[in-house]
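Reading the structure
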Amino acid sequence: MPERTLKILMMASEAAPFVKEGGLADVAGALSAALSVMGHDVRLVLPLYYQIDPIRYRLKARKETLSVPMGGIGTLEASIMEGKLPGTQVPVYFIENEYFFGRPGGLYSTSDGDGYMDNDNRFTFFSRAAIELSRALRFKPDCVHVNDWHTAAVPVFLNTAYKDDPIFSKTASLLTIHNMQHQGEFYEGLMDVLGIGWEHFNYLELEREGKTNLLKGGIYHSTLINTVSASYAGEILTPEFGADLDGVLMDRAADLYGVLNGVDYEHWNPETDSLIAANYSIDNLAGKALCKADLQRIFGLPQRRPDVPVIGLVTRLVKQKGIDILAEAIYGILELDVQIVLLGTGEVWAHFFFGDIPNHYKDKLGCYIGYDNTLAHKIEAGSDFFLMPSRFEPCGLNQMYSMRYGTLPIVRAIGGLNDTVENLNEQAGDIGTGFKFYDLTADALENTVKWAVYTYYNRKDLMENLIQRAMSKRFTWADAAKQYENLYLRAIEKKT
Ligand code: ADP
Ligand code: GLC
């Protein structure tokens, strides 16, 4: 048990296993579980999206109905469903509002990729409903932990509309920034929906270039702030990565921390993974060859003797992930004796561009446009290398998964990628866990892939060594949760 049991209200716009579009979901689910294992009283709040199956997760309706003030829109109602985070004792409360969350499509956009026009109202509603839920349950959090712009309005509300509410008189807040690019910036009239008074629409708090910016408000009002790697915490203080809020973050630099995400090794472990063709371990890699053959079969790629290196990618096909640079470099890479498998979904041009390559290189590149967790596991297990040419990467999870599966990451040396992957360095004797490049150029990417492929064909000894080192690396949620516990305690102290 910890020295002090903390009451933590965790709020996120997605959490695995209930609903997931990106790494935020993995973090919200796994961190809540790890905090609970430490003995903390953590409760998770999520929107009840259409995509969540209440029967599968045995959700039960609670009797309370929440009245959620939405400023000029009036007061809207929310029902509450309750369940447990699978495999844990963590209560999960789902905020139900058919109009806002009962949509097929994606969580934030239609199936055509257009953001919902009312995302401002949807997540303002969710944020305020989560606070009202805490009041209805008479749950006095020591710290509310909010994530990204979707819940960044919560610390703003706590410092304004709820500042005299005795339930929250001692409540500190922590804002985790998973991505600076998405800020929840909307028209100025959102101030009327927030209903906290226009005096908060100023250059320090919520206003940015005449618009209402929820992430900016969260940065100003949270007790403490963190990002998901130490490098990214430094990078966002610069114009290149700060997405126009670097100045605002500089003002709060003393309260800004970096906590590296962990990996959920229950789900991402080649020794026990039930989604892959054969299990394997650091001591016996025989199963990995079967996983590779299975992957080649799935993508219709030839299973060659002697072997050919397979490079895997599982990614949102968006600019953040450097897919435009990949598009520039791909034909050069395809000149090499390699195979590539790509799983992803995102920008429409990328669906066409990458989706068309197998028509010309069917023996070299396999592509599946879509979202498929089983295939993601098969790619991790069956590839020799895993490519992440990100433009920026707050943490990144796939490079850590890859290492556990003995699949060597080839990454750009930024953010969490830089913090988790050690570059191959033969001279230093410290031989590394993967391959890194620095410049965001097609040349740098192509040359680094060439380096990895050369190593594969010509330096079996080095490859074995790299694989052993990569597979023995651990990035645990227990470590990350300990650091979050320290941040909560620091925030609570700062608040009192
Ligand atoms: P981000 O959150 O920026 O997309 P992360 O690396 O933190 O990046 O997390 C991405 C997560 O989403 C990983 O668990 C990855 O396996 C998963 N993922 C991304 N795209 C797909 C896809 N098309 N199919 C299955 N899983 C995917
Ligand atoms: C964001 C980032 C990614 C990070 C994830 C979880 O989606 O893009 O780098 O791993 O959040 O923190």
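Residues numbered from 1 in each chain as written. Chains lettered and ligands numbered in written order. Predicted model: local features only at pLDDT ≥ 70, side-chain atom pairs only at ≥ 80, totals over all residues. Heavy atoms only, no water.

Observations concerning the domain arrangement of the protein
Applied cut-off: Domain boundaries shown here were taken from an automatic or database domain assignment. Any two residues having at least one pair of non-hydrogen atoms within 4.5 Å are treated as being in contact. Simply put, the buried area is the total loss of 1.4 Å probe accessible area from both parts when two parts are fitted together. Whenever a carboxyl oxygen of Asp or Glu lies within 4 Å of a side-chain nitrogen of Lys or Arg, that contact is scored as a salt bridge. A 3.5 Å cut-off defines polar contacts: any pair of N or O atoms within that distance qualifies, except that in protein one atom must be a possible hydrogen donor and the other a possible acceptor, and neighbouring residues in sequence count only when both atoms are side-chain atoms. Numbering of helices and strands runs from the N terminus, with a helix taken as a DSSP run of H or I at least four residues long and a strand as a DSSP run of E at least two residues long. We call Asp, Glu, Lys and Arg charged. Ala, Val, Leu, Ile, Met, Phe, Trp, Tyr, Cys and Pro are nonpolar, and the rest, Gly among them, are polar.
Splitting the protein by domain gives domain 1 (7-262 + 477-495) and domain 2 (286-472). Between the C-alpha centres of domain 1 and domain 2 the distance comes to 33 Å. If you look at the interface, domain 1 gives 17 residues, while domain 2 gives 17 residues. Around 1400 Å² of area is buried between domain 1 and domain 2 when both sides are counted, 57% of it from carbon and sulfur atoms. One can count zero salt bridges joining domain 1 with domain 2. At the junction of domain 1 and domain 2, the tally comes to six residue pairs in polar contact (both at pLDDT 80 or more). Of all elements in the fold, only α1 (23-37) and α7 (230-235) reach the threshold of two or more residues within the side of domain 1 that touches domain 2. The element that contributes the greatest number of residues to the side of domain 1 that touches domain 2 is α7, accounting for four residues. Taken together, the residues of the side of domain 1 that touches domain 2 sort by class into five nonpolar, eight polar and four charged.

Some thoughts on the site of ligand 1
This is how it is decided: The nearness test applies per residue and asks whether one of its heavy atoms lies within 4 Å of the molecule or strand.
Close contacts around ligand 1 come from 19 residues, with K20, G23, R316, K321 and G370 the closest. Between an oxygen atom of ligand 1 and a main-chain N or O atom of G23, the distance comes to 2.6 Å. Contacts to ligand 1 include D372, whose backbone N or O atom sits 3.0 Å from a nitrogen atom. Counting only elements with at least two residues in the shell around ligand 1, the list comes to α1, β13 (310-317), β14 (339-346) and α13 (398-404). At three residues, the largest contribution of residues to the shell around ligand 1 is made by β13. Among the residues making up the shell around ligand 1, the classes are represented as six nonpolar, eight polar and five charged. Each of domain 1 (7-262 + 477-495) and domain 2 (286-472) gives at least three residues to the shell around ligand 1.

Describing the packing of helix α10 (residues 323-334) against helix α11 (residues 348-356)
Heads up, the condition is: In this description, a line fitted to the C-alpha atoms serves as the axis of each element, helices being fitted only across the stretch in contact, and the angle between N-to-C directions of two axes falls anywhere from 0 to 180 degrees. Any angle between 65 and 115 degrees counts as roughly perpendicular, while under 35 counts as roughly parallel, over 145 as roughly antiparallel, and the rest as oblique. In a left-handed crossing the near helix is turned counterclockwise from the far helix by less than a right angle, and in a right-handed crossing that turn is clockwise.
Interaxial distance between α10 and α11 falls to 11 Å at its minimum, and their mutual angle equals 20 degrees. Our classification of the angle between α10 and α11 gives roughly parallel. Relative to α11, the crossing made by α10 is left-handed. Facing I323, D324, L326, A327, I330 and Y331 of α10, the residues of α11 in contact are W349, A350, F353 and F354. Grouping the constituent residues of the contact of α10 with α11 by class yields nine nonpolar, no polar and one charged.

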